[in-house]
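One-letter residues, chain by chain:
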Amino acid sequence: MSDTPAPTVPQINPWIVAIAVMFGTFMEVLDTTVVNVSLPHIAGNLSATVDEAAWTLTSYLVANAIVLPITGWLAQYFGRKRLLMMALTGFTVASLLSGLAPTLGALVFFRIIQGATGGVLQPISQAVMLEAFPPAERGKAMAFWGLGIVVAPMLGPILGGWLTDSYSWRWVFYINLPVGLASLYMTKLFIFDPPYLKRGVRSVDGWGIGMLAVGIGALQITLDKGQQDDWFGSQFIVACATVAAIMLVGFVIRELVAREPVVHLRVFKSRNYSVGVAMMTTLGFVLYGSLVALPVFLQTLMGYPAMDAGLATAPRGLGAFLGMPIIGMIMAKADPRKLLAVGFFVAGLSLVQLSRLDMTATIWDFFWPQFWLGLALSFMFVPLTTTTMDPIPREEMGNATSLFNLMRNLGGGFGIAAATTVIARTSQSNASRLAEHVTAYNPLAQQMLAQMHERFIAAGFDPVTASRAAYAAIAGLVHQQAALLSYLYAFRVFGWIFIVVIPLLFLLKRPEHTTRPVAGH
């Protein structure tokens with residue numbers, strides 16, 4: 001069985017292989033954000049609160065995070081092609097059942113299946129593409145793969161909003177059916193297991209799988225529900241965080257001593273891989289944190305409708321879409337560390353630029369920082385992926401890509417949690433500081449109060465009601481400005497994080513394979 005792929009693989013155009021695996025990957029990554037804007041509609045239709053409907057997001061992310069790190073082991077156990085077809089089938093069927101779900105409990109259950117089967121797609125598709133292309137062409141392959149990973153989360157809210165407004169929230173799931181079937185058909189025809197990927201394992205590391213599942217699940221719930229439940233003021237969050245810490249530490253110890261570990265942590269012996277994973281975690285932290293903060297900022301402070309707020313993030317996707325092919329073409333000739341430095345610096349400046357906006361900002365004030373940020377992401381994502389994976393042997397590629405994608409997603413979870421917490425907490429402190437200046441001894445505050453009082457009188461209010469309305473308006477302005485300062489502070493912090501990590505690039509070695517000319521391979 002293991003000998004049959006050998007004569008077949010060279011006959012397949014690698015771009016056909018890339019398209020086959022990218023269908024499923026794009027679909028899976030899109031589903032991490034496409035449901036966000038549909039939550040109020042789901043809650044109303046299924047007789048639940050928005051907080052209860054949010055479990056459709058949490059359940060998906062938890063199941064996804066649990067499966068990601070064991071994908072390499074699953075591929076060895078079932079065979080890569082068989083696992084990929086099982087995952088695509090499971091994800092597509094779960095999408096159909098999610099759209100048909102009659103209750104919130106059923107929807108959450110089907111989303112768990114979606115997340116578990118979808119977690120396989122990202123690392124497997126990345127491993128398949130890295131192996132389908134010669135080393136010198138991996139930059140182009142990762143540029144194509146990066147389009148799905150970077151652009152899909154940005155398109156999710158836009159597509160989700162349009163489908164929900166135009167049809168129903170159920171079409172957010174039905175849209176996966178043709179994509180899943182197309183990917184399944186192409187996978188059957190064009191994907192083959194490489195001859196060096198030996199199927200079967202002598203034993204199953206049940207303790208390792210169990211500790212990983214419980215630890216990652218508890219960590220994801222802690223990140224998703226922490227701010228909502230007041231973090232460590234909640235016994236539930238404290239319990240989840242404690243379980244996560246104990247289980248994950250136990251998992252690492254178990255994997256280091258197990259004869260056949262479910263996750264091979266030895267890949268971290270490579271300096272490029274360790275540094276690359278750390279930087280990709282940072283990239284996920286800032287990318288997802290800022291991606292969540294901006295639409296909320298536009299809706300709550302600028303008054304944008306949900307659809308328009310989603311569209312306002314489109315320039316980031318446009319910049320990445322234009323930049324990925326360019327970076328793919330120059331990767332084979334340029335030093336990826338220099339490209340990374342440019343990417344992190346420009347991305348940091350773009351976020352700092354967002355932190356300088358105010359309530360008079362127009363759509364174009366948001367467009368250009370977002371566009372440059374998207375362009376910078378292509379300079380970060382493709383060189384970082386190829387540099388990190390360059391020293392990894394082919395037989396370890398599945399395991400390495402699993403951990404790589406897990407850390408990017410966990411970084412995103414930490415980034416979202418940090419963004420929501422920082423904005424909520426600093427908004428309260430900002431409001432207290434601003435309110436200190438609204439006193440009877442501040443002539444500017446008294447002048448504004450008098451002007452508002454006169455406006456309400458002119459609008460037909462009696463003097464007492466006008467006075468109360470003026471005080472309420474002043475309080476509203478204080479809270480609005482406090483929230484504005486909080487969002488700007490978050491953008492500034494995210495921008496400086498990108499700039500501060502640039503010195504880590506000195507720890508990276510120049511790749512030995514991905515920058516060689518094709519003739520030398």
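From a predicted model like this one, the values you see are computed outputs, not experimental measurements.

In this section: the overall build of the chain. From N to C terminus, the chain includes 21 helices and zero strands. Radius of gyration (C-alpha) of the chain: 25 Å, near the 24 Å computed for a compact globule of 521 residues. With respect to the three principal axes, the spread of C-alpha positions in the chain is 90 × 50 × 45 Å. Going through the 521 residues of the chain one by one, you find that 55% of them count as buried. Of the contacts formed within the chain by residues at least 6 apart in sequence, a portion of 84% connects residues at least 24 apart. Put simply, the chain shows about 22,500 Å² of open surface, and 68% of that area lies on carbon and sulfur atoms. Separation between the mean location of the 32 positive side-chain charges and that of the 26 negative ones in the chain comes to 10 Å.

With that settled, the discussion passes to empty space enclosed by the protein. Picture a little ball the size of a water molecule; that probe, rolled over the atoms, points out where space is still empty. Taken as a whole and judged by the stated rule, the model has two cavities of 30 Å³ or more. Of the voids in this model, the largest cavity is the one considered here, and its volume is about 50 Å³. Around the largest cavity, the lining residues are Ile149, Val150, Met280, Leu283, Leu287, Tyr288, Leu377, Phe381 and Arg408. Secondary-structure elements contributing two or more residues to the lining of the largest cavity are helix 9 (138–166), helix 14 (271–300) and helix 18 (363–389). Top contributing element to the lining of the largest cavity by residue count: helix 14, with four residues. Classifying every residue of the lining of the largest cavity by side-chain character gives eight nonpolar, no polar and one charged. Each pocket or cavity is described by its volume, and for the second largest cavity that value is around 40 Å³. Ala20, Val21, Gly24, Thr25, Leu84, Leu88, Leu121, Ser125, Ser183 and Thr187 together form the lining of the second largest cavity. For the lining of the second largest cavity, the secondary structure elements donating two or more residues are helix 2 (14–30), helix 7 (80–100), helix 8 (104–132) and helix 11 (176–190). Considering every element that reaches the lining of the second largest cavity, the biggest residue donor is helix 2, with four residues. Looking at side-chain class alone, the lining of the second largest cavity contains five nonpolar, five polar and no charged residues.

Once that is clear, we can look at the pattern of salt bridges. The full count for this structure, using the stated rule, is one salt bridge. Arginine 337 is the salt-bridge partner of aspartate 335, the closest N and O atoms lying 2.9 Å from each other. Exposure remark for arginine 337: the relative accessible area of 26% places this residue in the partly exposed category.

Attention now moves to the environment of glycine 348. For glycine 348, the position within the fold is in helix 17 (residues 336–354). Considering only alpha carbons, one finds glycine 348 and arginine 492, 144 residues apart in sequence, at a separation of 8.5 Å. What glycine 348 contacts, discounting residues up to four positions off in sequence, is Gly495, Phe498 and Ile499.

Attention shifts here to the packing of helix 19 (residues 397–435) against helix 21 (residues 463–500). The N-to-C vectors of helix 19 and helix 21 enclose an angle of 140°; their axes lie 7 Å apart at closest approach. When the axes of helix 19 and helix 21 are compared, the pair comes out oblique. The chirality of how helix 19 crosses helix 21 is right-handed. Contacts between helix 19 and helix 21 involve Gly415, Ala419, Val422, Ile423, Thr426, Ser427, Asn430, Ala431, Leu434 and Ala435 on the former and, on the latter, Val478, His479, Gln481, Ala482, Ala483, Leu485, Ser486, Tyr487, Tyr489, Ala490 and Phe494. Here the contact of helix 19 with helix 21 is built from residues that sort into 14 nonpolar, seven polar and no charged.

As for its placement among the helices and strands, leucine 256 is situated in helix 13 (residues 235–257). Its relative accessible area of 61% is what places leucine 256 among the exposed residues. Residues leucine 256 and arginine 266, spaced ten residues apart in sequence, show a C-alpha to C-alpha distance of 8.4 Å.

What follows is about the confidence of the model for the chain. Across the chain, pLDDT averages 80, with 92% of residues at or above 70. Per-element mean pLDDT across the chain ranges from 44 in helix 1 (residues 5–8) up to 91 in helix 17. Segment residues 1–10: pLDDT under 50, and seven contacts once partners within four positions in sequence are set aside and those in other chains are kept. The low-confidence segment residues 515–521, where pLDDT is below 50, has twelve contacts with residues more than four positions distant or belonging to other chains.

With that out of the way, let us pick up the packing of aromatic side chains. Enumeration over the complete set of coordinates arrives at 16 aromatic pairs. Between the aromatic rings of tryptophan 368 and phenylalanine 371, the centroid separation amounts to 5.8 Å while the plane-to-plane angle is 80°, which identifies the pairing as edge-to-face. With a gap of three residues between them, tryptophan 368 and phenylalanine 371 both fall in helix 18, about one helical turn apart. Judged by relative accessible area, which is 44%, tryptophan 368 ranks as partly exposed.

Before going further, it helps to spend a moment on a nonpolar patch on the surface. Among the surface-exposed residues, Val93, Leu96, Leu97 and Leu100 lie close enough to one another that they form a single nonpolar patch of about 310 Å² accessible area. Relative to the helices and strands, leucine 96 resides in helix 7. We classify leucine 96 as partly exposed; its relative accessible area is 34%.

Moving on to the nonpolar core. Core analysis: the largest hydrophobic core is formed by 140 residues, its most contacted members being Tyr273, Phe297, Leu298, Phe366 and Phe498. With near-sequence residues (within four places) excluded, leucine 298 lies in contact with Gly303, Tyr304, Ala309, Ala312 and Phe366.

Now for helix 8. Helix length check: helix 8 (29 residues) gives 41 Å between terminal C-alpha atoms against 42 Å at 1.5 Å per residue, within 8%. Of all 29 residues that make up helix 8, 22 are buried, and the element is covered over most of its length.

Turning to helix 9, a few remarks are in order. Here helix 9 spans 40 Å end to end across 29 residues, near enough to the 42 Å set by a 1.5 Å rise per residue. At alanine 152, helix 9 shows its largest bend, some 40°, and a proline, proline 153, comes one to four positions later. With 22 of 29 residues buried, helix 9 is to be regarded as a mostly interior element.

Cut-offs and rules
Each residue is numbered by its place in its chain's sequence as written, counting from 1. The predicted nature of this model means local features are confined to residues of pLDDT at least 70 and side-chain atom pairs, given and counted, to a pLDDT of 80 or more, with totals for whole chains, interfaces and linings taken over all residues. As a rule here, side-chain values come from all non-hydrogen atoms in the structure, and water together with hydrogens is ignored. In DSSP terms, a helix is any run of H or I states spanning at least four residues, a strand is any run of E spanning at least two, and both are numbered starting from the N terminus. Note on method: radius of gyration uses C-alpha positions; expected globular size equals 2.2 Å times residues raised to 0.38. Burial here depends on accessible area, computed with a 1.4 Å probe over protein chains only, as a share of the maximum for the residue type. Under 20% is buried, over 50% is exposed, and the range in between is partly exposed. Any two residues whose heavy atoms approach within 4.5 Å are treated as being in contact. All accessible-area figures derive from a Shrake-Rupley calculation using a 1.4 Å probe, and residue coverage is judged against the displayed protein chains alone. For the charge count, each Lys or Arg is scored as positive and each Asp or Glu as negative, with His and the chain ends excluded. In plain terms, the charge of a residue is placed at NZ if it is Lys, CZ if Arg, CG if Asp and CD if Glu. Throughout, the protein atoms alone are placed on a 1 Å grid, and a set of points is a cavity if a 1.4 Å probe fits but cannot get out or a pocket if it is open with protein on both sides within 12 Å along at least five of seven lines; lining residues have an atom within 4 Å of a point. Grid points are joined across faces, edges and corners, and a volume is the space filled by probe spheres set on the points. Gly is placed with the polar residues, together with every amino acid not listed as nonpolar (Ala, Val, Leu, Ile, Met, Phe, Trp, Tyr, Cys and Pro) or charged (Asp, Glu, Lys and Arg). Between Lys or Arg on one side and Asp or Glu on the other, a salt bridge is scored when a side-chain nitrogen of the former is within 4 Å of a carboxyl oxygen of the latter. Lines fitted to the C-alpha atoms define the axes, with helices restricted to the stretch that makes contact. Angles between their N-to-C directions range from 0 to 180 degrees. Orientation categories follow fixed angle ranges, with anything under 35 degrees roughly parallel, anything over 145 roughly antiparallel, 65 to 115 roughly perpendicular, and all other angles oblique. Note on convention: near helix rotated counterclockwise from far helix by under a right angle means a left-handed crossing. Clockwise means right-handed. Scored from 0 to 100, pLDDT reflects the predictor's confidence in each residue. Only the six-membered ring of Trp is used, alongside the rings of Phe and Tyr, when aromatic pairs are assigned; centres must lie within 6.5 Å, and planes under 30 degrees apart are stacked while those over 60 apart are edge-to-face, with the rest tilted. Patch membership requires more than 30% relative accessible area and the absence of a salt bridge. Residues of like charge join within 9 Å; the nonpolar side chains Val, Leu, Ile, Met, Phe, Trp and Tyr join within 5 Å. Working definition of a nonpolar core: buried Ala, Val, Leu, Ile, Met, Phe, Trp, Tyr and Cys residues. They are joined through side-chain atoms within 4.5 Å. Helix span, as expected, comes to 1.5 Å for every residue beyond the first. Fitting one axis to the seven residues ending at a residue and another to the seven starting there, the bend at that residue is the angle between the two axes.

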